Amino acid sequence: MKHKLCVVGFGGMGGWHVNHALKSDVVELAGIVDIDEAKRKKARDMGIRVYETLADALADESIEIITIATPNDVHEEIAIAAMEAGKNVISEKPVTLSCASLLRMIDASNRTGKLFTVHQNRRWDVDYLAVKQLKESGELGKLLTVESRIHGSRGIPSDWRGIKRFGGGMLYDWGIHLIDQIMQIFTQKTSSVYCTFDHITNNEVDDGFKLTITFEDGATAYVEVGTYNFVAMPRFYVRAKNGSAIITDWTKNCEVVKCKAWHESDVVPVQTAAGLTKTMAPRDEITTDTYKLDIPKSDVHDYYRNICATLEGKAEQIVKHDEMLRVLRVIEAAFKSVETGNVVKCEL
Ligand code: NAD
């Protein structure tokens, strides 16, 4: 049996959901809701049913799942109304803009017994999966630092993403994906957060940021989003007890250099233009192994498959309430750090 879905917000990501939810082969589309007549016409032209209002969609008893793909500031009101009308809810990321708002949404889920989750689809990105698998395999020992970067050069989009009241800014946009990934890689307790914002193409919201999360055991995660980087830095860089790893681009393999012997009998100094160094001399194959990991297998359509299996009592939802809250707490601490210019205590 396929589960009936209605997508609220038929813009860029709403279109993605209509396409990809159907490709997962577990849902069928009941229709869409959008407040913009141009989007409604587009849907009608594609043969998609358009509900005149959200209330009309919520009154359709055949609909089981509402996916919210509107700008970020209205996720909460739509999600709570949908759960109260007996619908299960998938919200686009960021699930909402504050922890207080998220707690109200979680409360609605608990009260109504309806499934409520967020579309953290980048848990299916193969670059992230490679780093997670590297950690879980233990082959480089304890991770000391993970640097996760996304660099573009087109500035922040000129739509609602550049406007504060809609929940714009890159911390809420790409940041929430990268922080969610980091919190899946590092599951130990956090201790503090430090963040700075860029304002290169937009003064109202951050058009890039640099965030350091420090964990209780001294490990650190560095997350950076830049929209004014004409040369991109590597997507992931990992330092671990027994080696390092790099993923230069999200389509590339994870390259690993593993230390197999700490000491070399004879280090050959390296001559640079103006000097000599033994400390920074590159290692050779006597003390290190260099290899590439296979690109992990991943199918983002498993997201909807998991939601439907959860509704059928056969699985547990992958993106859980406590995980959503942990990520949003880091984001709140990051805003506080920017506001005060300080490292902010953040024990999660
Ligand atoms: P968009 O501007 O392209 O589309 C938003 C749509 O929502 C528009 O058609 C607009 O008319 C409609 N809308 C606005 N308010 C509404 C309301 N109250 N009721 C019904 N419709 C309403 O934006 P987008 O890029 O599609 O982003 C939408 C959401 O998806 C955002 O939360 C964004 O962060 C998220 N998103 C997620 C990913 C991802 O990879 N998970 C990628 C892009 C966007």
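Quick caveat: nothing in here was measured; it's all calculated off a predicted structure.

Details of the domain arrangement of the protein
At step 1: Domain assignment breaks the protein into domain 1 (3-119) and domain 2 (123-254 + 293-299 + 329-345).
At step 2: The partner domain 2 presents 10 residues to the 9 residues of domain 1 that form the contact.
At step 3: Summing the contributions of domain 1 and of domain 2, the shared interface buries around 940 Å²; its carbon and sulfur component is 60%.
At step 4: Counting the surface domain 1 buries against domain 2, the share from its top three residues, K93, L97 and C99, is 49%.
At step 5: For the salt bridge of D173 with K93, the shortest nitrogen-to-oxygen distance reads 3.4 Å.
At step 6: In this assembly, domain 1 and domain 2 are joined by 6 residue pairs in polar contact (both at pLDDT 80 or more).

Comments concerning the sheet that holds strand β5 (residues 116-118)
At step 1: Read across the sheet, 5 strands follow the order β2-β1-β3-β4-β5 without closing on themselves; strand pairing throughout is parallel. The two strands at the open ends of the sheet, each matched to only one other strand, are β2 (27-33) and β5. The sheet shows a mean angle of 20 degrees between the axes of neighbouring strands, taken without regard to direction.
At step 2: The pairing of strand β3 (residues 65-68) with strand β4 (residues 88-91) spans 4 bridges and is classified as parallel. Counterpart to I66 in the pairing with β4 is V89.

Structural notes on the pairing of strand β1 (residues 3-8)
At step 1: The buried fraction of β1 is high, at 5 of 6 residues.
At step 2: With helix α1 (residues 12-23) bridging β1 and its parallel neighbour β2, the resulting β-α-β unit is right-handed.
At step 3: Two strands pair when backbone bridges link them, and β1 and β3 are joined in this way by 4 bridges, in the parallel orientation. Along β3, the bridge assignment pairs C6 with I66.

As for the side chain of H17
At step 1: Position of H17 relative to the elements: it lies in helix α1.
At step 2: Sequence-distant contacts of H17, defined by excluding residues within four places in its chain, comprise V7, L22, T67, A69, E92, H119 and Y304.

With respect to the pairing of β2
At step 1: Across the 7 residues of β2, 5 count as buried, placing the element largely inside the fold.
At step 2: In terms of strand pairing, β1 meets β2 through 6 bridges, oriented parallel. By the bridge assignment for β2, V8 is matched with V33.

Observations regarding the packing of helix α4 (residues 75-84) against helix α5 (residues 99-112)
At step 1: At a minimum axis separation of 9 Å, α4 and α5 run at an interaxial angle of 10 degrees. Comparing the axis directions of α4 and α5 gives the class roughly parallel. From α4, H75, E76, A79, I80, M83 and E84 reach across to α5, where they touch S101, R104, M105, A108, S109, R111 and T112.

Here we look at the packing of aromatic side chains
At step 1: Here the structure, examined in full by the defined rule, presents 7 aromatic pairs.
At step 2: On the numbers, 5.8 Å between centres and 85 degrees between planes, the contact of Y303 with Y304 is edge-to-face. Each member of the pair, Y303 as well as Y304, is classed as buried.
At step 3: Put simply, the rings of W124, Y303 and Y304 pair up and form one aromatic cluster.
At step 4: The ring of W262 has R283 lying over it, and the distance from NZ or CZ to the ring centre is 5.1 Å.

Some remarks on the site of the ligand
At step 1: In the vicinity of the ligand there are 23 residues, among which M13, D34, N72, K93 and R161 approach most closely.
At step 2: One nitrogen or oxygen atom from the main chain of G12 is found 2.9 Å from an oxygen atom belonging to the ligand.
At step 3: Side-chain polar atom of E92 to a nitrogen atom of the ligand: 3.0 Å apart, as the coordinates give it.
At step 4: Burial of the ligand by the surrounding chains reaches 83%, relative to a free accessible area of 850 Å².
At step 5: Among the residues forming the shell around the ligand, the class breakdown is 8 nonpolar, 9 polar and 6 charged.
At step 6: Summarising the domain contributions, the shell around the ligand has at least three residues from each of domain 1 (3-119) and domain 2 (123-254 + 293-299 + 329-345).

Here we look at helix α6 (residues 126-137)
At step 1: With 12 residues, α6 extends 16 Å between its outermost C-alpha atoms, agreeing within 8% with the 16 Å of an ideal straight helix rising 1.5 Å per residue.
At step 2: For α6, the set of buried residues is D127, Y128, L129, A130, V131, K132 and L134.
At step 3: If you follow the buried residues of α6, they end up packed against β6 (143-151), α7 (170-185), β10 (236-240), β11 (243-247) and β12 (255-259).
At step 4: A positive phi of about 75 degrees marks G138, the residue just after α6.

What about helix α2 (residues 37-45)?
At step 1: Capping of α2 at its N-terminal end is provided by D36; its side-chain oxygen lies 3.0 Å from the backbone amide nitrogen of A38.
At step 2: Backbone geometry just after α2 places G47 at a positive phi near 85 degrees.

Here's the deal with the sheet that holds strand β7 (residues 190-198)
At step 1: Reading across from one edge, β15-β12-β11-β10-β6-β9-β8-β7-β16 is the order of the 9 strands in this open sheet, with mixed pairing throughout. In this open sheet, the two edge strands, each paired with only one partner strand, are β15 (288-292) and β16 (344-345).
At step 2: The pairing of β12 with β15 spans 5 bridges and is antiparallel. The residue bridging V256 from the neighbouring strand is Y291, located in β15.
At step 3: Strands in contact with α6 are β6, β10, β11 and β12; relative to β10, the strand with the most contacts, it is inclined by about 5 degrees.
At step 4: Against the sheet, α7 makes contact with β6, β7, β8 (208-215), β9 (220-226) and β10, and its axis sits at roughly 25 degrees relative to β8, the strand it touches most.

Thresholds, definitions, all that
Along each chain, residues carry numbers from 1 onward, in the same order as the chain's sequence is written. Whole-chain, interface and lining totals are the exception, using all residues; otherwise, since this is a predicted model, local features are given only for residues with pLDDT of at least 70 and side-chain atom pairs are given and counted only at 80 or more. Side-chain metrics in this entry use all non-hydrogen atoms of the structure; hydrogen atoms and water are not considered. Delimitation of the domains relies on an automatic or database domain assignment. Any pair of residues with heavy atoms lying within 4.5 Å of one another is described as a contacting pair. Each of two parts loses accessible area, computed with a 1.4 Å probe, when they are put together; buried area is these two losses added. Take a side-chain nitrogen of Lys or Arg and a carboxyl oxygen of Asp or Glu: if they are within 4 Å of each other, that pair is a salt bridge. Polar contacts, as used here, are pairs of N or O atoms within 3.5 Å; protein pairs need one atom able to donate a hydrogen and one able to accept it. Residues neighboring in sequence count only if both atoms are side-chain atoms. Any two strands with at least two DSSP-identified bridges between them are counted as paired. Runs of H or I in DSSP of at least four residues are treated as helices and runs of E of at least two as strands, each being numbered from the N terminus. All axes are obtained by fitting lines to C-alpha atoms, using only the stretch in contact for helices, and the reported angles, taken between N-to-C directions, cover 0 to 180 degrees. With a 1.4 Å probe rolled over the protein chains alone, any residue whose accessible area is under 20% of its type maximum counts as buried; one over 50% counts as exposed, and the rest are partly exposed. Look down the strands so they point away from you; if going from the first strand over the helix to the second traces a clockwise path, that crossover is right-handed. When describing relative orientation, an angle under 35 degrees is termed roughly parallel and one over 145 degrees roughly antiparallel, while 65 to 115 degrees is termed roughly perpendicular and anything else oblique. A pair of Phe, Tyr and Trp rings is counted when the ring centres sit within 6.5 Å of each other, with Trp represented by its six-membered ring. The angle between the planes then sorts it: under 30 degrees is stacked, over 60 is edge-to-face, the rest tilted. Here, over-ring charges are defined by two tests on the NZ atom of lysine or the CZ atom of arginine: distance to the ring centre within 6 Å, and angle to the ring normal within 35 degrees. Residues are classed as near a molecule or strand on a simple rule: at least one heavy atom within 4 Å of it. To be clear on the numbers: accessible area is Shrake-Rupley with a 1.4 Å probe, and residue cover counts the displayed protein chains and nothing else. Under the scheme applied, nonpolar residues are Ala, Val, Leu, Ile, Met, Phe, Trp, Tyr, Cys and Pro; charged residues are Asp, Glu, Lys and Arg; polar residues are all the others, including Gly. Expected span of a helix, by definition, is 1.5 Å for each gap between consecutive residues, and there is one gap fewer than residues.

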